[in-house]
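Observations on the three-dimensional arrangement
The primary structure of each chain is shown beneath.
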Amino acid sequence: MKSILLLLILLGVVSGRRTQLLKGLPATTTVEENAAAGVSVYTFNVTVSPLSSEGVAILPTIVNSNPLTEAFRIESKGDLEYSVVTTGNPVLDYETMPKSFDLQIFVQDTTGRTDLNILTVQITDKNEHPVFRGNMAIQTVTIYVLEGTRPERIYQVDAADPESDELKYSLLPEPVPFLVSESGAIFSTKVFDYEKDPHWYFLNITVTDPDGLSSTKTVNINIININDERPYFTIEQRIYRIPEEQSPGTVVANITAKDPDDEDSPSRLFYSIQSSDRYFSINPSTGVLQVAGRIDRDARPLRLLPNISVILWVEDSPSGGHTSEMEITIIVDDINDNPPECDPSTFRKEANENMTAGTFLLDLRNYCKDIDVDPSNNQFSFTGLSGFGSNNFALESTASGRLVMTESIDLENPANLGVEVYSLTVRVQDIARPNYSNIIYIYIRIKPVNEFFPVFSNLSYEFNVPEIIKVGSSIGRVNARDEDWPPSVITYSIVAGGGTRDYTNIFWISPTKGDVKILGRLDYETTQKHILTVQASDQEKTATTSVTVNVLEVNDEEPVCSPNFYSFQIPVSLAVGTNINGFRIECQDRDSDPRSFRYFINEGNVNNHFTFSPSAGSNMSRLILASRFDYDSGLDMNWIYKLHVYITDDNLLSARDKNTHLIKTGTVTLSIRVIPNPTTVIATTPGFTVVTKRENLYSESAWYVPFVITLGSLLLLGLLGYLGFLLATWVHTRCPPAGKAYGTPLINAPEKKKPKKEVVVTMTKLSTVFDGEARDPVTGKMYEFNTRSGARRWKKNNEPLQPVLATQVTSSATDGSGQGTDRAEAPSKKEPSEKRKEPTAETKPAAKPLAGQSETPGQDGLRLQKQKEESEDRGLSSPAPQGRY
């Protein structure tokens, strides 16, 4: 059976059929309003699957309600039986709440089956008791009626029925002089006499609805008495005497009075003080007169007039009653209640050390007094001088209060060493009992006298300082003190010495510590010793000492060589062992022997072509070619050598000393360009050849120049092309071809042979700066060169290195008439920068070098100059070429 039931459940799940777990739901039920918490509203069961051995996984739960409420919950009754009960919060009210609630109840068993159904709960109306409102709803109302009042309405009862039905009012007991109307108003029916009628009435007010439900509340009626007789005082004493400073609450007198209206009962009288009095108060019910505030006989106004007048009132009603008045006098007696007071109570005096005995310091009586009024209470004396160092001081008498010194005080005395302030106490005390007293504090500071001069710990100071010491370093300390106590504050200063050619003083001393510090760089080679005068001051007296600063020599100077930068050119065929261009460097070191120099090339000496001779032991060394250049085999690739030459001053040091001594290094930078062998050119025609090199130098800061030029050129070319196109179109439409016009073919005229002209190679140099010079190894002449492009020219005598503006010189060949023309041409922008235009076979001059002249790096320039002279001899006028290399 279980297998068959399981199969049926599975089939139900697969087919999607809903299984009902909540038995008895959905359903509709009712519940009365005002139902208490826990009242059962509806009971239902849960049916679970036979396979659900553990019962319900999720207990039946109210997951939602319409409208929302928390007035219901589900309780288990056991055996899968559940009940919906009220919670009591909120209480169900038919008149103010919804009349029906739909509760959604959800359950799930352990097999996962769920069910959700609705229970509709309807609220039913129930007749409720009428309710009182206002004060009668929360308390018993008491109504006060004055005797002699005419009959009138004295109170209005406020009640309501929850079902809004009409209510009826009634009053019990009936034989009372009051009645209640249908609207709930309570009326008195007679004029009351307090002395004849009852003083209290208790009325039970009942309100009833049409169904007979009722509510009852009690109303108390209090008849108020009216007094018509004046009360009177019964005491005869009019003057009282008390000492001052009585504590609040002290009884001064018992004031009594009577009221004729209360002859048969204790009088209900009210006592008060009518005069403005801050010292006394009276109990309004008992008439006891008491001290209310401080009564000080020694303060105004009682200090001048100790008598206090008090006007008393008695009345038989808190307000609007009959009153009586009586005046009494209270005399305040003085007592000894104040100790002697000193203003100030703390004194600070100064006395110079070594002051003579008997010197007057302070008169205490001028600062102390006793404010008691009675002379027998305001007398006092000074006693009990004590405290640290009190043996050095004394009071002349107990009555005078004069403080004097008994002996001289020397602060440098070992017995007083370290003592600057003496703390004394004096007691000032009343002579009359209870002998009140106060303490006077006296602080006497012994003012030091500057008696001694500062004294340095040494007669003089000597500091040895290496010249390379860092600026700001401390080189020593001076110390001074004097014998005054307390120790004087010594300040230090440099009053002389320590100046140099560039600084007023290169030394500084700490004003408080005496540390001497260096403010500028020391130089042994300039000054070997500084003598300072240091002053110590205690603000009044001064002393000086001598401080000698010995500057110790240290190798801190670098070798300085001349020149420190040089650039030159050498031919590739220069012989080994040659002193290159006769170059040599001369070095100096302010703190080293000339024999201490050592020369070596640290960087750029590829394949070790260069060396210096001598390499050490001299202040002068020559640059020597150590090995030949070999570009043909590919061993050498560099044509420019950047040599970094180091010159050290450690040649005279041993290998061990080099690890401990300071070594300085100078540097020299050499730029060497290797010039390949020039090509031999044979001149075949007379005249001269001007070789012009056009070279554009690019500046990184002018990066925008080529961009602007290129963009402008493109725009210009586009504009010219467009204008040409328009011109060609206009000509084509306006002018027909000549051949078609006249009907004859065009005849090609024989081309006139142009006269043969001499080919000229031009060179343009833009912004060439000849920033170096060198000697031609063949001719021995000096020439200038540009270190970046290699351009060069012969150096004129006494002409300094300067930038030469680039110009282009073009010499045209003579024509058949024998006339030559010279013209200057602008450099072409189409030729690339840094590119040399090589002569072609047609443009190479046929002339050979003159006899006795070798091909040198400056040979072209020499040939150009020579040809220029020859052309001038023939009558050719040509401007001298500039910007050549």
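This is a predicted model, so every value here is computed, not measured. (Residues numbered from 1 in each chain as written. Predicted model: local features only at pLDDT ≥ 70, side-chain atom pairs only at ≥ 80, totals over all residues. Heavy atoms only, no water.)

Details of the overall build of the protein
Each helix and strand in the protein was counted, giving 5 helices and 59 strands. Split into buried and exposed, the 885 residues of the protein put 36% on the buried side. Nonlocal contacts in the protein, meaning residues at least 24 apart in sequence, comprise 66% of its contacts between residues at least 6 apart. (Helix = DSSP H or I, 4+ residues; strand = E, 2+ residues; numbered from the N terminus. Buried < 20%, exposed > 50% of the residue type's maximum accessible area, 1.4 Å probe, protein only. Contact = heavy atoms within 4.5 Å.)

Things to note about the pairing of strand 34 (residues 421-430)
The side-chain alternation of strand 34 yields one buried face, formed by Tyr422, Leu424, Val426, Val428 and Asp430, and one unburied face, formed by Val421, Ser423, Thr425, Arg427 and Gln429. As paired elements, strand 31 (residues 380-387) and strand 34 share 6 bridges and run antiparallel to each other. Looking at strand 34, one finds that Gly387 is bridged to Leu424. Both strand 34 and strand 35 (residues 437-447) contribute to a ladder of 9 bridges, which runs antiparallel. The residue of strand 35 that forms the bridge with Gln429 is Ser437. Linking strand 34 to strand 35, which pair antiparallel, is a turn of 6 residues; within it Asn435 sits at a positive phi near 60°. (Pairing = 2+ DSSP bridges.)

A short note on the pattern of salt bridges
Counting across every chain of the model gives 12 salt bridges. Here Glu784 makes a salt bridge to Arg793, at a shortest N to O gap of 2.8 Å. On the basis of relative accessibility, which here comes to 0%, the residue Glu784 falls in the buried class. Judged by relative accessible area, which is 16%, Arg793 ranks as buried. (Salt bridge = Lys/Arg side-chain N within 4 Å of Asp/Glu carboxyl O.)

Quick look at unusual backbone geometry
Geometrically, the link from Arg300 to Pro301 is a cis peptide bond, its omega value of 5° lying close to zero. With respect to the helices and strands, Pro301 occurs in the loop between strand 24 (288-291) and strand 25 (307-315). Each neighbour pair has its own omega, and for Ser613 with Pro614 the value is -5°, a cis peptide bond. Its place among the elements puts Pro614 in the loop between strand 49 (610-613) and strand 50 (620-625). If you check the backbone angles, Glu245 has positive phi at about 60° while not being a glycine. In this structure, Glu245 sits in the loop between strand 19 (239-243) and strand 20 (251-254).

Some remarks on the sheet that holds strand 33 (residues 402-405)
Sheet architecture is open: 3 strands sit in the order 29-33-32, paired in antiparallel fashion. Two strands lie at the open edges of the sheet, namely strand 29 (360-363) and strand 32 (393-395), each paired on one side alone. Here the average twist between neighbouring strands, direction ignored, is 20°. Inspection of the sheet shows strand 29 paired to strand 33 by 3 bridges, in the antiparallel sense. Note that in strand 33 the partner of Asp363 across the bridge is Arg402. (Axes fitted to C-alpha atoms, helices over the stretch in contact; angles between N-to-C directions.)

What to know about the nonpolar core
One finds Ile570, Phe610, Phe612, Leu623, Phe629 and Ile647 to be the most contacted residues of the largest nonpolar core, which totals 30 residues. Of all the secondary-structure elements, those providing two or more residues to this core are strand 46 (565-571), strand 47 (579-588), strand 48 (598-603), strand 49, strand 50, strand 51 (640-648), strand 52 (665-675) and strand 55 (782-785). (Core = buried A, V, L, I, M, F, W, Y, C linked by side-chain atoms within 4.5 Å.)

Observations regarding the confidence of the model for the protein
Here the protein shows a mean pLDDT of 78. Residues at 70 or above account for 79%. Between residues 739-767, whose pLDDT stays under 50, and residues either more than four places distant or in other chains, the model counts 57 contacts. This stretch, residues 801-885, has a pLDDT under 50; its non-local contacts, to residues over four places away or in other chains, come to 160 contacts. (pLDDT = per-residue confidence, 0-100.)

Thoughts on empty space enclosed by the protein
Taken as a whole, this structure holds 3 cavities of 30 Å³ or more when the rule is applied. Quantified by volume, the second largest cavity comes out at close to 60 Å³. As for the second largest cavity, its lining consists of Ser567, Phe568, Gln569, Ile640, Lys642, Ser671, Ile672, Arg673, Phe785 and Thr787. Those elements that provide at least two residues to the lining of the second largest cavity are strand 46, strand 51 and strand 52. When the residues that make up the lining of the second largest cavity are grouped by side-chain class, the tally is 4 nonpolar, 4 polar and 2 charged. (1 Å grid on protein atoms, 1.4 Å probe; cavity = no way out; pocket = protein on both sides within 12 Å on 5 of 7 lines; lining within 4 Å. Points joined across faces, edges and corners; volume = space filled by probe spheres on them. Nonpolar A, V, L, I, M, F, W, Y, C, P; charged D, E, K, R; others polar.)

As for the state of the cysteines
Within this structure, the stated rule accounts for 2 disulfides. Across a sulfur-sulfur distance of 2.0 Å, Cys561 and Cys587 are joined as a disulfide pair. The chirality of the disulfide connecting Cys561 with Cys587 is right-handed, given an S-S dihedral of about 105°. Residue Cys561 is found in strand 45 (residues 560-562), and its partner Cys587 is found in strand 47; the two are separated by 26 residues along the sequence. Neither residue differs from the other here; Cys561 and Cys587 are each classed as buried. (Disulfide = S-S within 2.5 Å.)

Examining the side chain of Asp316
Considering the arrangement of structural elements, one finds Asp316 in the loop between strand 25 and strand 26 (323-333). There is no salt bridge for the buried Asp316, and the closest opposite charge comes from Arg230, which lies 8.4 Å off by N-O distance. A polar side-chain atom of Asp316 sits 2.8 Å from the main-chain amide nitrogen of His322. (Lys, Arg positive; Asp, Glu negative; His and termini not counted. Polar contact = N/O pair within 3.5 Å; in protein donor to acceptor, adjacent residues only side chain to side chain.)

Concerning a nonpolar patch on the surface
Together, Trp703, Tyr704, Val705, Phe707, Val708, Ile709, Leu711 and Leu715 line one region of the surface with nonpolar side chains, adding up to about 820 Å² of accessible area. By secondary structure assignment, the location of Val705 is in helix 3 (residues 704-734). (Patch = residues over 30% accessible without salt bridge, like charges linked within 9 Å, V, L, I, M, F, W, Y side chains within 5 Å. Areas by Shrake-Rupley, 256 points an atom, 1.4 Å probe, with all protein chains shown as cover.)

Re the pairing of strand 10 (residues 141-146)
Residues Val141, Ile143 and Val145 of strand 10 are buried on one face, while the alternating residues Thr142, Tyr144 and Leu146, pointing to the opposite face, are not. Of the pairings in the sheet, the one linking strand 10 to strand 17 (residues 214-224) comprises 6 bridges and is parallel in character. Of the residues in strand 17, the one forming a bridge with Ile143 is Ile221.

Things to note about the packing of aromatic side chains
Under the counting rule described, the total for this entry stands at 22 aromatic pairs. Each ring, one from Tyr566 and one from Phe568, has its centre 5.4 Å from the other, and the planes form 50°; the classification is tilted. With relative accessibility at 24%, the residue Tyr566 sits in the partly exposed group. Look at Phe568 and you get buried, because its relative accessible area is 1%. An aromatic cluster is defined as three or more aromatic residues linked by ring pairs; in this entry it consists of Phe610, Phe629, Tyr631, Trp639 and Tyr641. A cation over a ring is seen here: Lys541 above Phe453, with NZ or CZ 5.6 Å from the ring centre. Cation over ring: Lys781 sits above Trp794, and NZ or CZ is 5.9 Å from the ring centre. (Phe/Tyr/Trp six-rings, centres within 6.5 Å; stacked < 30°, edge-to-face > 60°. Lys NZ or Arg CZ within 6 Å of the ring centre and 35° of its normal.)

Some thoughts on the sheet that holds strand 49
Read across the open sheet, the 4 strands follow the order 45-47-50-49; overall the sheet is antiparallel. Each of the sheet's edge strands pairs with one partner strand only, and the pair in question is strand 45 and strand 49. Strand-to-strand twist across the sheet, computed as the mean angle between neighbouring axes with direction ignored, equals 30°. Here 4 bridges tie strand 47 to strand 50, and the two strands are oriented antiparallel to one another. Bridged to Glu586 within strand 50 is Met620.

Here's the deal with the environment of Asn64
Mapping Asn64 onto the fold places it in strand 4 (residues 56-66). When its relative accessible area of 34% is taken as the criterion, Asn64 is described as partly exposed. For the pair Asn64 and Ile105, spaced 41 residues apart in sequence, the C-alpha to C-alpha distance is 7.6 Å. Once you skip the residues sitting within four places of it in the chain, Asn64 turns out to touch Asp102, Leu103 and Gln104.

A closer look at the environment of Ile675
Along the chain, Ile675 falls in strand 52. Residue Ile675 is classed as buried on the basis of its relative accessible area, which comes to 11%. Distance in space between the C-alpha atoms of Ile675 and Leu574 is 9.9 Å, their sequence separation being 101 residues.

Some points on a negative patch on the surface
A cluster of acidic side chains, namely Asp165, Glu166, Glu182 and Asp211, defines a negative patch on the protein surface. Turning to its location among the elements, Glu182 is positioned in the loop between strand 14 (178-180) and strand 15 (185-188). (Charge placed at Lys NZ, Arg CZ, Asp CG, Glu CD.)

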